[in-house]
Amino acid sequence: MDRRGFLAAGLGSSLVGAAAVHGGEAPALGEEYRGRDKADLPTPALLVDLDRFERNVRTMADHARAAGCGLRPHAKTHKCPEIARRQAAAGALGVCVATVPEAEAMAAASIRGVLLTSPIVERRKVARMVALAQKVQKSEVLLAIGHPREVELVNEAAEAAKVVVAVLVDVDVGDRRTGSLPGQPALDLARQIARCRNLRLRGLQAYAGLASHVPGFERRAETSRQAMGRAVETRDLFAKSGLDAGILSGGSTGTYNIDSAIRGVTELQVGSYVFMDVDYRRIGGRTNPVVYDDFQPSLTVLATVVSAAHAGRVTIDAGNKALDTTVSVRGQAVAWQGLSYSPGGDEFGIVTAEKGADLPRLGDRLEFMVPHCDPTTNLYDRIYACRGNRVEAIWPVVARRERR
Ligand SMILES: Cc1ncc(COP(=O)(O)O)c(C=O)c1O
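Just so it is clear, the structure is predicted and the values come from calculations on it, not from any experiment. (Residues numbered from 1 in each chain as written. Predicted model: local features only at pLDDT ≥ 70, side-chain atom pairs only at ≥ 80, totals over all residues.)

### As for the pairing of strand E15 (residues 365-369)
Note: strand E10 (residues 299-310) against E15, five bridges, orientation antiparallel. Bridged to threonine 304 within E15 is arginine 365. Across three bridges, strand E12 (residues 332-334) lies against E15 in antiparallel orientation. Within E15, the residue paired with valine 334 across the bridge is glutamate 367. (Pairing = 2+ DSSP bridges. Helix = DSSP H or I, 4+ residues; strand = E, 2+ residues; numbered from the N terminus.)

### Some thoughts on helix H5 (residues 100-108)
In terms of burial, H5 is a largely internal element, seven of the nine residues being buried. Of all the positions in H5, only Val100, Glu102, Ala103, Glu104, Ala105, Met106 and Ala107 are classed as buried. Looking at the buried residues of H5, the elements they touch are helix H4 (81-89), strand E3 (95-97), strand E4 (114-116) and helix H6 (123-135). Serine 110 sits one or two residues past H5 and shows a positive phi near 65°. (Buried ≥ 20, exposed ≤ 12 C-beta atoms within 10 Å, placed from the backbone. Contact = placed C-beta atoms within 7 Å.)

### Section: unusual backbone geometry
Residue proline 44 is reached from threonine 43 by a cis peptide bond, and omega for that bond is 0°. By the secondary structure assignment, proline 44 is in the loop between helix H2 (11-21) and strand E1 (45-49). Of note, lysine 79 is a non-glycine position whose phi angle comes to about 50°, a positive value. Checked against the element boundaries, lysine 79 lands in the loop between strand E2 (70-71) and H4.

### Regarding the site of the ligand
Taken together, 14 residues form the shell around the ligand, and within it Tyr207, Ser252, Thr253, Gly271 and Ser272 come nearest. Broken down by class, the residue content of the shell around the ligand amounts to three nonpolar, 11 polar and no charged. (Near = placed C-beta within 6 Å. Nonpolar A, V, L, I, M, F, W, Y, C, P; charged D, E, K, R; others polar.)

### Looking at the nonpolar core
In terms of nonpolar packing, the biggest core is built from 109 residues, with Ala103, Met106, Met129, Val154, Val167 and Phe368 touching the most fellow members. The two domains that each donate at least three residues to this core are domain 1 (29-49 + 295-396) and domain 2 (51-277). In this view, valine 167 contacts Leu142, Leu143, Ile145, Val154, Ile193, Leu199, Arg200, Leu201 and Arg202; residues no more than four positions away in its chain are not counted. (Core = buried A, V, L, I, M, F, W, Y, C linked by C-beta atoms within 7 Å. Domains from an automatic or database assignment.)

### Here's the deal with the domain arrangement of the protein chain
The domains assigned to the protein chain are domain 1 (29-49 + 295-396) and domain 2 (51-277). Contacts between domain 1 and domain 2 engage 18 residues on the former and 21 residues on the latter. Taken together, the elements giving at least two residues each to the side of domain 1 that touches domain 2 come down to E1, helix H13 (373-377) and strand E16 (382-387). When residues in the side of domain 1 that touches domain 2 are grouped by element, the largest group, three residues, is from H13. Counted by class, the side of domain 1 that touches domain 2 contains 10 nonpolar, five polar and three charged residues.

### Quick word on the sheet that holds strand E6 (residues 165-170)
Read from one edge of the open sheet, eight strands run E2-E9-E8-E7-E6-E5-E4-E3, paired in parallel fashion. Edge positions in the sheet fall to E2 and E3, since each has one partner strand and no second. Two strands pair when backbone bridges link them, and E6 and strand E7 (residues 199-206) are joined in this way by six bridges, in the parallel orientation. Across the sheet, the residue bridging to leucine 168 is glycine 203, located in E7.

Written out as structure tokens, the structure reads:
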């Protein structure tokens, strides 16, 4: 729908009217598009294809069930309580989160079993996580801890709040980013935790980001088995020392069917599988070595051609603020052949056509498979959930502005 059609349909005037009622403050956009065609949406907009998304959720849940492995999907990918609810309904034990606001938002949406996978060393953040653990005691909040000082901070806060907090030892299996070194340092940390009256050791976390995007299934499997082997050895050390090693949480979308078969891995922290992206599609899968198609790309950014003044190229309204460009791959146009996207600054993207391919015209709509799903979701306040061309629901994206 063009701007004239938009106004004629009454959408524009209803927004203006609502703004007047709210004393000049614009109402939250979104709900008024429920039931409409996605072509009516203002762009740039973030869309999820419900059929594909639902299939992805089911495929991962079925795999985990068949493999006898738990599932605690990472909500950093979507930051969306509605998606977390659907993952839980498909059998997930809970969700992982990367930040304190994500943890609070998921718990507020009654999502059980929230695991904070990132370290926190600021007293205020620690106090907030402890307060959350106290508030939702029945649905266990877990913290991954990788340093002796963090143990002290969390234990002190838990003591002050008179609550027992469940923790995992975060083991660095090769990323050299967060967590304790495997083996003896991790065992020492586990012993320190076990001595704390207000902490309860529940096991280990081991995320091997170094394995997740290795191209080629066999090479990826070898990398992941080597990395996760360090976690399994550490887990065995815990068990031999009489320490609780019930949970070993790890894995990624790229290694889900590798890690679920590793002895001792009890749950998968997979994130991107719900949406997929261009970066993941290129790594190749077990059955299809060219395209990683175990999961279908469900997340797209809808954009509009806003300028067409030059031969051979058009400008769309989706630039760095609409499509994350932190990876080397670019967004890929869906349903158009032979088009290439390149960033054209903060607000714009440049689309060119290969020889012989049709170039879109001013006002045309294009959908792009996103280069990297997590940071792209983080750019939007809401996801338009579409069944075919129809907007079926509007899902808020939460806790995305600050890492407070
Ligand atoms: C700690 C942790 N666990 C799990 C994941 C999920 O990985 P993916 O989105 O590749 O499935 C990530 C992603 O970066 C992560 O940082």
